[in-house]
Amino acid sequence: MTHSGAGRGFDLHTHSVHSDGTTRPDAIAREAADIGLAGFALTDHDTIAGWDEARAAAAGAGIAFLPGMELTTQHDGRSRHLLAYGIDPGATELFTALSLVRSARLDRAREMVRRVSRDYTIRWEDVVGEEDARTVGRPHIADALVAAGYFADRSTAFEMVLYPGSAYYIGTYAIETLDAIRMVREAGGRSVLAHPAATRQRKATTGGELTALAAAGLWGVELNHPENRADWLPPLVAAVAALGLETTGASDYHGAGKANRLGERTTPEPVMRRLCAGLATPA
């Protein structure tokens, strides 16, 4: 791992147009360099489509790039997002599982658009635009509703139309979290539990749940995330320390899709170096 200068740390959770962000990977790299970050990870949902562009742009900007991905998983009936870093792109089992996730996500999105379109004038073409190969999900439906003038922003569209339990909402297939952790490990990567105390999860991940994930090979927990609730964090901080897990920080940047700003939360270089050591596809 090399980069120019100490920078302001590493933002290890960002999204581009290849999933539900609004920015191209090369633009994320340029912005990261402009604000003084030492490097960043691209972690689009269930895809590595932006890796090459991000890597080339980061090299040109003189900052580090860590290839990553955010996996759609579930454990004990609850959604768990798992950040996977440095995996081998040729890992057959993991990418076969992810192809099923993307296919299910596409089917789900089509059906949700069909339901939404009964009450709001949007079409499938409004949702996917020119990026038909990307990982399509609720944020893209929200963007179409915003573009059509129904809501001011993504968050409002989620609150009014796309929330779990609404008449328009459909659940989706996800990999079991314990299986995903194992597959990431066998693919030469390391896994970090994303935003474990985010308000949108309705309740924080528990110490007991972390114990099970750690036993499966979880490497770290994203405790420093702008959406984590401060009052939910103390038990998690204690559990992470007791289990010997690492702590990472990141913005969960989505461009214009979220208020989260690139680099507002970061991971320090010592943690980044431990994360990168021995990865199949390092920074």
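Residues numbered from 1 in each chain as written. Predicted model: local features only at pLDDT ≥ 70, side-chain atom pairs only at ≥ 80, totals over all residues. Heavy atoms only, no water.

Secondary structure assignment for the chain yields 10 helices and 8 strands. What you see for the chain is a C-alpha radius of gyration of 18 Å, in line with the 19 Å of a compact globule of 283 residues. Considering only C-alpha atoms, the chain reaches an extent of 50 × 45 × 40 Å along its principal axes. Here the chain holds 283 residues, and 53% of them are scored as buried. Contacts in the chain between residues at least 24 apart in sequence constitute 74% of all its contacts with a sequence separation of at least 6. A total of about 11,500 Å² of accessible surface is found on the chain, and carbon and sulfur atoms cover 52% of it. (Helix = DSSP H or I, 4+ residues; strand = E, 2+ residues; numbered from the N terminus. Rg over C-alpha atoms; globule rule 2.2 N^0.38 Å. Buried < 20%, exposed > 50% of the residue type's maximum accessible area, 1.4 Å probe, protein only. Contact = heavy atoms within 4.5 Å. Areas by Shrake-Rupley, 256 points an atom, 1.4 Å probe, with all protein chains shown as cover.)

Turning our attention to the pattern of salt bridges. In the structure shown here, the tally under the stated rule is 19 salt bridges. Between Arg182 and Glu186 there is a salt bridge, with its nearest N and O atoms 3.0 Å apart. Of this pair, Arg182 and Glu186 both sit in helix α7 (residues 177-186), 4 residues apart, which is roughly one turn of that helix. Three or more residues are tied together by salt bridges with common partners; here these are Arg200, Glu227, Asp252 and Lys258. (Salt bridge = Lys/Arg side-chain N within 4 Å of Asp/Glu carboxyl O.)

Here we come to unusual backbone geometry. Positive phi, normally seen in glycine, also occurs at Asp46, with a value near 60 degrees. Topologically, Asp46 is positioned in the loop between β2 (39-42) and α2 (51-61). In this model, His195 sits at a positive phi of 30 degrees, which is unusual for a non-glycine residue. If you trace the backbone, His195 turns up in the loop between β6 (190-193) and α8 (207-216). Residue classification places His195 among the buried residues on the basis of a relative accessible area of 2%.

Ranked by internal contacts, the top residues of the largest apolar core, which has 46 residues, are Phe40, Leu71, Ile87, Leu94, Leu210 and Leu218. With 5 residues, helix α3 (residues 92-116) is the largest single contributor of residues to this core. Beyond its immediate sequence surroundings of up to four residues, Leu218 is in contact with Leu82, Ile181, Ser191, Val192, Leu193, Leu210, Leu213 and Leu245. Residues Tyr120, Val128, Phe151 and Ile170 belong to the second largest nonpolar core, which totals 20 residues. (Core = buried A, V, L, I, M, F, W, Y, C linked by side-chain atoms within 4.5 Å.)

Turning next to the pairing of β2. Neither face of β2 is exposed, since Gly39 and Ala41 on one face and Phe40 and Leu42 on the opposite face are all buried. Sheet topology places strand β1 (residues 10-11) next to β2; 2 bridges connect them, and they run parallel. Bridging from a neighbouring strand, Phe10 pairs with Gly39 of β2. In this fold, β1 hands off to helix α1 (residues 25-34), which returns the chain to β2; that crossover is right-handed. (Pairing = 2+ DSSP bridges. Right-handed = clockwise from strand over helix to strand, strands pointing away.)

So, on to the environment of Ile175. Its place among the elements puts Ile175 in strand β5 (residues 175-176). Here Ile175 is in contact with Thr72, Thr73, Gln74, Ala97, Leu98, Val101, Ala180 and Met183, once residues within four sequence places are set aside.

It is worth spelling out the confidence of the model for the chain at this point. Low pLDDT marks regions whose predicted coordinates should not be analysed in detail. Chain-level pLDDT for the chain is 93 on average; 96% of the residues reach the 70-or-more range. In this model, residues 2-6 is a region of pLDDT below 50 whose contacts with residues beyond four sequence positions or in other chains number 10 contacts. (pLDDT = per-residue confidence, 0-100.)

Look at α3: 36 Å from first C-alpha to last across 25 residues, which is about the 36 Å you get at 1.5 Å a residue. Within α3, the full set of buried residues consists of Leu94, Phe95, Ala97, Leu98, Val101, Ala104, Arg105, Arg108, Ala109, Met112, Val113 and Val116. The secondary structure elements touched by the buried residues of α3 are β3 (64-75), α4 (124-128), α5 (138-147), α6 (154-162), β5 and α7. (Expected span 1.5 Å × (residues − 1).)

This part takes up the packing of aromatic side chains. Inspection of every chain in the model, using the stated rule, returns 4 aromatic pairs. Here Tyr120 and Phe151 contribute two aromatic rings whose centre-to-centre distance is 5.9 Å and whose plane-to-plane angle is 45 degrees, an arrangement assigned as tilted. Taken together, the positions of Tyr120 in the loop between α3 and α4 and Phe151 in the loop between α5 and α6 put the pair 31 residues apart, joining distant regions of the chain. Like Tyr120, the residue Phe151 is buried in the burial classification. When the ring of Tyr120 is compared with that of Tyr168, the centres are 6.2 Å apart and the planes differ by 65 degrees; the resulting orientation is edge-to-face. Pair noted here: Tyr120 is in the loop between α3 and α4 and Tyr168 is in the loop between α6 and β5, with a separation of 48 residues, a long-range link. Each member of the pair, Tyr120 as well as Tyr168, is classed as buried. Grouped by ring-pair contacts, the aromatic residues Tyr120, Tyr150, Phe151 and Tyr168 constitute a single cluster. (Phe/Tyr/Trp six-rings, centres within 6.5 Å; stacked < 30°, edge-to-face > 60°.)

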